[in-house]
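As a plain string of letters, each chain reads:
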Amino acid sequence: QPPQPPQPPSPSSGGKEGSTKAQRKVAQAGQQERGRGEAPRHGVSSPPVPAAAAPNVAPPPLPPMRTSKLHDEIFAFAQASITRGEAAHAEVQGILASLRALVSSRWPQATVELYGSRATGLSLASSDVDVTLLGVPCGAGREAVGGALKELHALMEGQPWVASQKLVLSARIPVLKVATPSSIPIDITISDSAQHTGLLARDLVLGYLSEAPQLTPLVLVLKSFLRELGLNDPYTGGMSSYSLVVLLWLFVCESAHRGYNTTDLGYQLLGFFSMFLYRFDSQVTHVDDPLSPMITAPGEPRENIMHSCYQIGRVCRTFHRALQLLSPETPEWDDPATPLLPRLFSEASSANRATQTEATATTPPPAAARTPPSSGGSSAAASAPPPDSAAASAIASVVEELTAEVEAQSTAEAAAAPPVPPAAKGETPSAEDAKPLAPSPPPPPSPASGAAGPAAASPECRRGVAEEAATKQRC
């Protein structure tokens, strides 16, 4: 369009034309300063640039963060573990609903709370269900809690989801152990004192998981790994789930504080193995329980979460072997055709079983254990097919005869040996006394043992006969 002629100033505007020109100059100066990246001066901002006039230039895309192959395997393993646990989740919720109805019928003011791994999402398919009752008017003390659990035991008789019950009143915290027809173990306790820290531990772990979500896949992999090796029970060997979560949380916090990568699960797993070996390979050190300030009085020593961990040396050896298998220097680290986690589970399990076998072989068996085991007596016999009953009976009878004969022969030799006169105080034994006793002639072979009579008196021979009999039985 042709430019319009300038309009003459209206009489009413008076001297405002100069001020309008000044404002226009300030606005133009502000636009120039914005173009140079400077802030506008005089407190006047320029009008925003329309969106259509802005240059349509997309920012350069960020390069995708490349994670390790072990990271992807750990994540996939955790997802599969959670999926397997969903099948039992519906059954557990039904059991809890039935239990709440039973408890409310007996104690209307009581509530049923779930804690442990089933409440935090860190459970495996075989994990137990930990339940505690709050508000039960039974009073404090072991006897009162035991009486309330006995009442609950009677209430649960005949329930379709109860296959068996067992009261353990001698434990530090009395517990009612229940097994379902689908083999889901349930532990029911009554929270009546500060010693019961199940709910506090549940809230603490949930806080850890909200701050560091990468703990969930790491815990699931390590729990499965330790369970595969039989190292998941602190009283029979290994570590508890609570100790594992606390140690992983401390490791993640220390890694973030030092500026290390805490998003790659593969490197986090290797770093945790290294940290564990550095701290616990020589001896078990003290690790404060995060719940100690809540349950101990000021001045009392804080609880140690590692005090009940038994056979910590086996855990260290297993983690050391895992570091060797998962080292980034191995050719399998980046090989997509060789998965790492299945290799870790299989080879570490084989090494653990070999270590147990060596420890058993180097320890001489006691006299009561030299009899060949029955078809269900030992792990080796249990894994092998059942032997022939007639052959097993014959071997057992031969070993019993040899053992009785050797014991009788040892008793007879001890009775027939001449006593050695002890030297008086301050006397020096004579040359005749100092001479060694002549060895007694070997006894004639007995009809029961055949030609093996002289050698049967040797302990080595006895062990050899027993081992040979056990080998024949296993074969």
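Residues numbered from 1 in each chain as written. Predicted model: local features only at pLDDT ≥ 70, side-chain atom pairs only at ≥ 80, totals over all residues. Heavy atoms only, no water.

## Observations concerning the overall build of the protein chain
Reasoning step 1: The number of helices and strands found in the protein chain is 16 helices and seven strands.
Reasoning step 2: Going through the 475 residues of the protein chain one by one, you find that 33% of them count as buried.
Reasoning step 3: Long-range contacts, defined here as pairs at least 24 residues apart, represent 63% of the contacts in the protein chain between residues at least 6 apart.
Reasoning step 4: When the accessible area of the protein chain is evaluated, it comes to approximately 28600 Å², of which 58% is carbon and sulfur surface. (Helix = DSSP H or I, 4+ residues; strand = E, 2+ residues; numbered from the N terminus. Buried < 20%, exposed > 50% of the residue type's maximum accessible area, 1.4 Å probe, protein only. Contact = heavy atoms within 4.5 Å. Areas by Shrake-Rupley, 256 points an atom, 1.4 Å probe, with all protein chains shown as cover.)

## Section: the side chain of Ser 127
Reasoning step 1: Along the polypeptide, Ser 127 turns up in the loop between α3 (117-120) and β2 (129-134).
Reasoning step 2: Here Leu 124 takes part through its backbone nitrogen, which lies 2.7 Å from a polar atom of the side chain of Ser 127. (Polar contact = N/O pair within 3.5 Å; in protein donor to acceptor, adjacent residues only side chain to side chain.)

## Here's the deal with the packing of helix α2 (residues 69-106) against helix α6 (residues 215-228)
Reasoning step 1: Relative to each other, α2 and α6 sit at 75 degrees, their axes nearing to 9 Å. Between α2 and α6, the angle falls in the class roughly perpendicular. Contacts between α2 and α6 pair Ile 74, Phe 77, Ala 78, Ser 81 and Ile 82 from the former with Pro 217, Leu 220, Val 221 and Ser 224 from the latter.
Reasoning step 2: Across the contact of α2 with α6, the residue classes break down as seven nonpolar, two polar and no charged. (Axes fitted to C-alpha atoms, helices over the stretch in contact; angles between N-to-C directions. Parallel < 35°, antiparallel > 145°, perpendicular 65-115°, else oblique. Nonpolar A, V, L, I, M, F, W, Y, C, P; charged D, E, K, R; others polar.)

## Things to note about the side chain of Ser 81
Reasoning step 1: Relative to the helices and strands, Ser 81 resides in helix α2.
Reasoning step 2: Excluding anything up to four places from it in sequence, Ser 81 contacts Ser 123, Leu 124 and Leu 220.

## Brief notes about the nonpolar core
Reasoning step 1: Ranked by size, the top nonpolar core spans 53 residues in total, and within it Phe 272, Phe 276 and Phe 319 carry the most contacts.
Reasoning step 2: Counting residues per element, the ones that place at least two in this core are α2, α5 (198-211), α6, α7 (241-257), α8 (265-280), α10 (312-325) and α11 (341-362).
Reasoning step 3: Of all the elements, α8 adds the most residues to this core, at nine residues.
Reasoning step 4: Setting aside anything within four residues of it in sequence, one finds Phe 276 in contact with Met 239, Leu 247, Asp 281, Ile 312, Val 315, Cys 316 and Phe 319. (Core = buried A, V, L, I, M, F, W, Y, C linked by side-chain atoms within 4.5 Å.)

## Some remarks on the sheet that holds strand β3 (residues 164-168)
Reasoning step 1: Spatially, five strands are ordered β1-β2-β5-β4-β3 in an open sheet, and the strand pairing comes out mixed. Every other strand in the sheet has two partners, leaving β1 (111-115) and β3 as the edge strands with one partner each. Strand-to-strand twist across the sheet, computed as the mean angle between neighbouring axes with direction ignored, equals 25 degrees.
Reasoning step 2: Sheet contacts for α5: β1 and β2; angle to β1, the most-contacted strand, approximately 50 degrees. (Pairing = 2+ DSSP bridges.)

## Some thoughts on unusual backbone geometry
Reasoning step 1: In the Ramachandran plot, Ser 183 falls in the positive-phi region, its phi being about 65 degrees despite a non-glycine side chain.
Reasoning step 2: Mapped onto the elements of the fold, Ser 183 is located in the loop between β4 (175-179) and β5 (185-190).
Reasoning step 3: What makes Ser 183 exposed here is its relative accessible area of 62%.

## Considering α7
Reasoning step 1: With 17 residues, α7 extends 24 Å between its outermost C-alpha atoms, agreeing within 8% with the 24 Å of an ideal straight helix rising 1.5 Å per residue.
Reasoning step 2: Those residues of α7 lying buried are Ser 243, Leu 244, Val 245, Val 246, Leu 247, Leu 248, Trp 249, Phe 251, Val 252 and Ser 255.
Reasoning step 3: Looking at the buried residues of α7, the elements they touch are α5, α6 and α8.
Reasoning step 4: Just beyond α7, the residue with positive phi is Gly 259, at close to 85 degrees. (Expected span 1.5 Å × (residues − 1).)

## Describing the pattern of salt bridges
Reasoning step 1: Considering all chains together, one arrives at five salt bridges under this definition.
Reasoning step 2: Between Glu 151 and Arg 106 there is a salt bridge, and its shortest N-O distance comes to 2.7 Å. Of this pair, Glu 151 sits in helix α4 (residues 142-155) while Arg 106 is found in helix α2, placing the two residues 45 residues apart along the sequence.
Reasoning step 3: Classification of Arg 106 by relative accessible area gives partly exposed; the value is 36%.
Reasoning step 4: Across the pair Arg 202 and Glu 113 runs a salt bridge, and its minimum N-O distance is 3.4 Å. (Salt bridge = Lys/Arg side-chain N within 4 Å of Asp/Glu carboxyl O.)

## Observations regarding the pairing of β5
Reasoning step 1: In terms of residue burial, β5 counts as a mostly covered element, since five of its six residues are buried.
Reasoning step 2: As paired elements, β2 and β5 share five bridges and run parallel to each other. Within β5, the position partnered with Val 131 by the bridge is Ile 188.
Reasoning step 3: In the sheet, β4 pairs with β5 via four bridges, with the strands oriented antiparallel. Opposite Val 178, over in β5, you have Ile 186 as the bridge partner.

## Quick word on the environment of Arg 202
Reasoning step 1: Within the secondary structure, Arg 202 sits in helix α5.
Reasoning step 2: Excluding residues within four positions of it along the chain, Arg 202 makes contact with Glu 113, Leu 114, Tyr 115, Ala 119 and Thr 120.
Reasoning step 3: One polar contact links Arg 202 to Asp 203, side chain to side chain, over a distance of 3.3 Å.

## Structural notes on the environment of Leu 204
Reasoning step 1: For Leu 204, the location among the structural elements is in helix α5.
Reasoning step 2: A relative accessible area of 17% places Leu 204 in the buried class.

## Focus on the confidence of the model for the protein chain
Reasoning step 1: Chain-level pLDDT for the protein chain is 72 on average; 57% of the residues reach the 70-or-more range.
Reasoning step 2: Every residue in residues 8-20 scores below 50 in pLDDT, and together they form one contact with partners more than four places removed in sequence or on other chains.
Reasoning step 3: Scored below 50 in pLDDT, residues 33-55 makes 14 contacts in the model with residues more than four places away or belonging to other chains. (pLDDT = per-residue confidence, 0-100.)

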